[in-house]
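So you can see what is in the structure, the chains are spelled out below.
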2 protein chains.
Amino acid sequence: MIKIGIVGYGTIGKRVADAVLLQDDMQLMGITANSFNYKISLAYKKKIPVFNLKNNINDFKAHGIELAGNINDLIKQSDIIVDCSPKPYGKENKERYYLPLKKKAIFQGGEKKDVADISFVAQCNYNDSIGKDYIRVVSCNTTGLSRTLNALDREFGVVRARATLIRRAADPGDVKKGPLNSIIPSFELPSHHGPDVRTVLYGMEVFTTAVVVPTTLMHMHNLNVVLKKKAEVEEVVNLFKRTERVKVIPKNQKIDSTAQIMEYAKDLHRIRGDIMEICVWEQGIGNYNGELFFPQAVHQEADVIPENIDAIRAAMGFKDAVKSIKKTNNSLGIN
Amino acid sequence: MIKIGIVGYGTIGKRVADAVLLQDDMQLMGITANSFNYKISLAYKKKIPVFNLKNNINDFKAHGIELAGNINDLIKQSDIIVDCSPKPYGKENKERYYLPLKKKAIFQGGEKKDVADISFVAQCNYNDSIGKDYIRVVSCNTTGLSRTLNALDREFGVVRARATLIRRAADPGDVKKGPLNSIIPSFELPSHHGPDVRTVLYGMEVFTTAVVVPTTLMHMHNLNVVLKKKAEVEEVVNLFKRTERVKVIPKNQKIDSTAQIMEYAKDLHRIRGDIMEICVWEQGIGNYNGELFFPQAVHQEADVIPENIDAIRAAMGFKDAVKSIKKTNNSLGIN
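Residues numbered from 1 in each chain as written. Chains lettered and ligands numbered in written order. Predicted model: local features only at pLDDT ≥ 70, side-chain atom pairs only at ≥ 80, totals over all residues. Heavy atoms only, no water.

A.B. asks: It is not clear to me how the relation of the copies chain B and chain A should be interpreted in this structure. Could you clarify?
C.D. replies: Each copy of the sequence occupies a distinct position, and chain B is placed on chain A by a rotation of 180 degrees and an axial shift of 0.0 Å, giving an RMSD of 0.0 Å. Each copy turns onto its partner about a two-fold axis. Taking C-alpha positions as reference, the residue of chain B nearest the rotation axis is Pro214(B), located at 3.0 Å. Taken as a fraction of all interface residues of chain B, those also at the interface in chain A reach 100%, which identifies the copy contact as same-surface. (Least-squares fit on C-alpha atoms with pLDDT ≥ 70 in both. Contact = heavy atoms within 4.5 Å.)

A.B. asks: I would appreciate a short explanation of the pattern of salt bridges in the present structure.
C.D. replies: Pairing of side chains with opposite charge becomes possible as their charged atoms draw close. Summed over the entire model, instances satisfying the criterion amount to 44 salt bridges over all chains. The partner of Glu301(A) in a salt bridge is Arg15(A), and the shortest N-O contact between them spans 3.7 Å. In this pair, Glu301(A) sits in the loop between β16 (291–298) and α11 (305–315) while Arg15(A) sits in helix α1 (residues 11–21), placing the two residues 286 residues apart along the sequence. One exposure class covers both Glu301(A) and Arg15(A), and it is buried. Between Lys326(B) and Glu244(B) there is a salt bridge whose closest N-O contact spans 2.8 Å. Of this pair, Lys326(B) sits in helix α12 (residues 321–332) while Glu244(B) sits in the loop between α9 (233–241) and β13 (246–249), and the two are 82 residues apart along the sequence. Looking at Glu244(B), the relative accessible area reads 23%, which means it is partly exposed. Residues joined by salt bridges that share partners form a network here, namely Asp25(A), Arg147(A), Arg245(A), Glu307(A), Asp310(A) and Arg313(A). (Salt bridge = Lys/Arg side-chain N within 4 Å of Asp/Glu carboxyl O. Helix = DSSP H or I, 4+ residues; strand = E, 2+ residues; numbered from the N terminus. Buried < 20%, exposed > 50% of the residue type's maximum accessible area, 1.4 Å probe, protein only.)

A.B. asks: Would you explain the environment of Leu22(A) in this entry?
C.D. replies: Residue and element names in this part refer to chain A. Within the fold, Leu22 resides in the loop between α1 and β2 (26–33). For the pair Leu22 and Arg245, spaced 223 residues apart in the sequence, the C-alpha separation amounts to 18 Å. Not counting residues up to four positions away in its chain, the partners in contact with Leu22 are Ile271, Ser331 and Leu332.

A.B. asks: Could you clarify how one ought to interpret the packing of aromatic side chains in this entry?
C.D. replies: Centre-to-centre distance and the angle between the planes together describe a pair of aromatic rings. As enumerated under the stated definition, the model contains 14 aromatic pairs over all chains in all. Summarising the aromatic geometry, the rings of Tyr98(A) and Phe107(A) are spaced 6.0 Å apart at their centres and angled 45 degrees between planes, so their arrangement reads as tilted. Seen in terms of ring centroids, Phe120(B) and Tyr126(B) are 6.1 Å apart; in terms of plane orientation they differ by 55 degrees. Their pairing is tilted. Here the aromatic residues Tyr98(A), Phe107(A) and Tyr134(A) are joined through ring pairs into a cluster of three or more. The ring of Tyr134(A) is capped by Lys94(A), whose NZ or CZ atom sits 4.6 Å from the centre of that ring. (Phe/Tyr/Trp six-rings, centres within 6.5 Å; stacked < 30°, edge-to-face > 60°. Lys NZ or Arg CZ within 6 Å of the ring centre and 35° of its normal.)

A.B. asks: What's the story with the interface of chain B and chain A in this structure? I'm lost.
C.D. replies: Interfaces are often sized by the amount of accessible area the parts lose when they come together. Each partner contributes to the interface: chain B provides 42 residues, whereas chain A provides 42 residues. Interface area, chain B with chain A, both sides summed: about 3,300 Å², of which 62% is carbon and sulfur. Our count for the contact surface shared by chain B and chain A stands at 21 residue pairs in polar contact (both at pLDDT 80 or more). Each residue belonging to the side of chain B that touches chain A can be placed in one class, and the counts come to 22 nonpolar, 14 polar and six charged. (Buried area = accessible area lost by both parts, 1.4 Å probe. Polar contact = N/O pair within 3.5 Å; in protein donor to acceptor, adjacent residues only side chain to side chain. Nonpolar A, V, L, I, M, F, W, Y, C, P; charged D, E, K, R; others polar.)

A.B. asks: How do you make sense of the pairing of strand β6 (residues 104–107) of chain B when you look at a structure like this?
C.D. replies: Regular strands show a simple pattern: their side chains alternate between the two faces of the sheet. Residues and elements named next belong to chain B. Of the two faces of β6, the one holding Lys104 and Ile106 and the one holding Ala105 and Phe107 are both buried throughout. Summarising the sheet, strand β5 (residues 80–83) and β6 pair through three bridges and their orientation is parallel. By the bridge assignment, Val82 is partnered in β6 with Ile106. Handedness of the crossover joining β5 and β6 through helix α5 (residues 89–98): right-handed. With three bridges joining them, β6 and strand β8 (residues 134–137) adopt parallel strand pairing. If you follow Phe107 over to β8, its bridge partner there is Arg136. (Pairing = 2+ DSSP bridges. Right-handed = clockwise from strand over helix to strand, strands pointing away.)

A.B. asks: Before we go on, may I ask you to explain helix α12 (residues 321–332) of chain A in this structure?
C.D. replies: Residues spaced three or four apart along an α-helix face the same direction, because each turn holds 3.6 residues. Residues and elements named next belong to chain A. The end-to-end C-alpha distance of α12, which contains twelve residues, comes to 17 Å, matching closely the 16 Å that a straight helix rising 1.5 Å per residue would cover. The complete set of buried residues in α12 reads Ala321, Ser324, Ile325, Thr328, Asn329 and Leu332. Buried residues along α12 cover an arc of 125 degrees about the axis, so they all sit on one side. Exposed and facing more than 90 degrees away from the buried side of α12 are Val322, Lys323 and Asn330. Its buried side turned inward, α12 meets α1, α6 (122–129) and α11. Where α12 begins, the capping side chain belongs to Asp320, and its oxygen is found 3.2 Å from the backbone nitrogen of Val322. Looking one or two residues beyond α12, the residue adopting positive phi is Gly333, at roughly 80 degrees. (Expected span 1.5 Å × (residues − 1). Arc of directions from axis to C-beta.)

A.B. asks: Looking at this structure, I do not really get the domain arrangement of chain A. What am I missing?
C.D. replies: Residues and elements named next belong to chain A. If you check the domain split of chain A, you get domain 1 (2–138 + 304–332) and domain 2 (140–298). A C-alpha centroid distance of 26 Å is found between domain 1 and domain 2. On the domain 2 side, the residues contacting the 27 residues of domain 1 number 20 residues. Per-residue buried area on domain 1 facing domain 2 is highest for Gln123, Cys124 and Val138; these three make up 30% of the total on that side. For the pair domain 1 and domain 2, the interface holds seven salt bridges. With its nearest N and O atoms 2.8 Å apart, the salt bridge here joins Asp18 to Arg272. In this assembly, domain 1 and domain 2 are joined by 17 residue pairs in polar contact (both at pLDDT 80 or more). Where the side of domain 1 that touches domain 2 is concerned, the elements lending two or more residues are α1, β7 (118–120), α6, α11 and α12. For the side of domain 1 that touches domain 2, the per-class residue count stands at twelve nonpolar, six polar and nine charged. (Domains from an automatic or database assignment.)

This is how it looks when you write it as structure tokens:
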């Protein structure tokens, strides 16, 4: 059993914790909390040990939560830490805690790539990550681009990929961010996602631009890919159908927008209504002059969760990528 | 003086009417109305003659509006009609009224291209449109793409253009449409805008995809263009600065989103806060591997208004495109 500590219990941390609890080769040693909030209370009711990050024991006591110790105690009890802090606290935590205590750790994609020995998407570069002390699971958007581009590259060869990312403005529970009624272009050229894809798909010729739009539900990517080998639309559909963690949304299902995908995930009774697969609309796949076009949607809160589970196994030296991916998928209800 | 009748007094019709009133070579003979609403009342107060489209005289009488006649009366008094009906009523009106009465007409971009003898963007193909009986001003998005692509093509030559359109969901006054919190991909490949650009930029190699997002303010386009001649970013900026009806939004002005452009237009005291120019963000223009990238914003309610004015002159045989464009721009405060 791999003993796991989770530092940071927000959007990603709470999901990684639930995913760890579903693994038969992992044991959740606990989570850390900055201060009390309802999420800590829910975790405590599930018997997840809570460790404090700051010295505010009374805040927890006042809400009936008995702490199991502080962050150092959690780290010492664990074989590996999954750091789910908001950027750039992952890097700070590494220098302050994980390095001095010689503890392995997984970081999230908000951190810069140099926080870790390697950046990670299971189906792209699991094998390169085996036994690494510090692994960075790339961001939701980078994970989404990497999954489909990796599949296309292995099957047909990618000459160049161009993507426009239409980014959701905030997560559904985030009531502080905007915009409410505006489109905000990114002036970063390329947006950071393109270079980030190359941290897991080495040398991929990919260029991305991005805009932010007033929605909370999912990111969308409009992709335009030139392939080495000619690919008929049907071949691409079949490739994506058999690609791990990619879901082809068939025609005529009335799942024609990000909101409808989220509703569909709820109807599937997925935990929290999450959809961990990258969703490609079959109806939007098309060829023009040797260029492949397709639209995909990314559930920003969820797609990296299975990657965190696989990254744990890779860091701990589990050598079979395919087996880890299947095991994770089965445990999380990804078919 | 060219005598002009306007059929349809909605988002576009009311703006074309105001623009016609500002031309020293045009006379507004009146507008048509389906039924009473506040816009008709405002027009009536401005002494614009109101003609009824349907037989509902009492509806207008009840609101104190004395009708000047019916649509046939307006058409007979006018040299040319600007049809601003929602699609597909332009085509219906043509068959029912303009053809039998042998009257010239301008149509809007919602109509199919075969409604007219030619599709129109002044700076692209004014000369081809001179003396034509039926001219279709292309849609707001097509106008936006055509203005910048035409400039690039004339200066550097366009090998191919790719654009992702991030479309506003509804106009600000439209309270019935969605989505509120979703991104809706278009499954049309290409979206109709690409082929529509070719109705004014003949043979242009352009392919567009589109999504709809929950905002009302402006459309946005993310463009990726391969040019025949290499163009430095500064050359592109200078080209757009001297291109008619294109506005370069400079860096460091805090005009970094569609909402801020709309606020800027209000601060310029533009009528209705309209911005008729296609806005290109200087900061977003960049080159990568021989491809030019830039983001532009389109005020969907306004950019086609000067085109309607020029289309009237072209249809009526005014032969100097440059003079018409300058005249229109000066009258409308476009610098």
